[in-house]
Amino acid sequence: AAFVLDAAGFDAAAEAAALVLTGEGRLDASTAAGKAVAEVAGRCRERRRPCHAIVGEDALSEPDARALGLAAATEASTLPAIERAARRLAAEIG
């Protein structure tokens, strides 16, 4: 995950962003063990940027999600639900 984020210039983009939106099929205990969302959330935490995740299933407790560095996780398993979640988040940040 770190290699891909480095290659994509993630750090500079995160510095310029008000927040970062990432996605995952399932947030669970294995998420912290090298999944991209954990790397994204960690880098956001280092930069003090809120990181929000839209996921198919959220099996993490709120404390575990916060420890990972996520400001919020929203479940959405269909394209319309993902679009609604993204629009809601966009409306919240103005």
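See the structure printed just above.
These remarks concern the structure in this document.

Parameters at a glance
- Residues numbered from 1 in each chain as written.
- Predicted model: local features only at pLDDT ≥ 70, side-chain atom pairs only at ≥ 80, totals over all residues.
- Heavy atoms only, no water.
- Pairing = 2+ DSSP bridges.
- Helix = DSSP H or I, 4+ residues; strand = E, 2+ residues; numbered from the N terminus.
- Axes fitted to C-alpha atoms, helices over the stretch in contact; angles between N-to-C directions.
- Contact = heavy atoms within 4.5 Å.
- Salt bridge = Lys/Arg side-chain N within 4 Å of Asp/Glu carboxyl O.
- Buried < 20%, exposed > 50% of the residue type's maximum accessible area, 1.4 Å probe, protein only.
- Expected span 1.5 Å × (residues − 1).

**A look at the sheet that holds strand β1 (residues 20-27)**
- Spatially, three strands are ordered β1-β2-β3 in an open sheet, and the strand pairing comes out parallel. One side of each edge strand has no neighbouring strand; the edge strands of this open sheet are β1 and β3 (72-75). Along the sheet, successive strands turn relative to each other by an average axial angle of 30 degrees, direction set aside.
- In the sheet, strand β2 (residues 51-58) pairs with β3 via four bridges, with the strands oriented parallel. Among the inter-strand pairings, Ile54 is bridged to a residue of β3, identified as Thr74.
- Relative to the sheet, helix α3 (residues 36-47) contacts β1 and β2, its axis offset from that of β1 by approximately 145 degrees.
- Relative to β2, helix α5 (residues 79-93) is tilted by about 155 degrees, and along the sheet it contacts β1, β2 and β3.

**Points about the pattern of salt bridges**
- Scanning the entire structure with this criterion turns up 12 salt bridges.
- For the salt bridge of Glu15 with Arg49, the shortest nitrogen-to-oxygen distance reads 3.9 Å. Of this pair, Glu15 sits in helix α2 (residues 10-16) while Arg49 sits in the loop between α3 and β2, and the two are 34 residues apart along the sequence.
- Overall, the relative accessible area of 44% leaves Glu15 in the partly exposed class.
- Asp28 is the partner of Arg26 in a salt bridge, and the nearest nitrogen-oxygen pair spans 2.9 Å.

**Some remarks on α3**
- The terminal C-alpha atoms of α3 lie 17 Å apart, and with 12 residues this matches the ideal 16 Å at 1.5 Å per residue to within 8%.
- By the burial criterion, the buried members of α3 are Val37, Ala38, Val40, Ala41, Gly42, Arg43, Cys44 and Arg47.
- Those residues of α3 that are buried are in contact with α1 (2-7), α2, β1, β2 and α4 (62-68).
- One or two residues past the end of α3 sits Arg48, with phi positive at roughly 55 degrees.

**As for the environment of Ala86**
- Position of Ala86 among the secondary structure elements: in helix α5.
- Residue classification places Ala86 among the partly exposed positions, given a relative accessible area of 29%.
- Counting along the chain gives 15 residues from Ala86 to Ala71, while the straight-line C-alpha distance between them is 14 Å.

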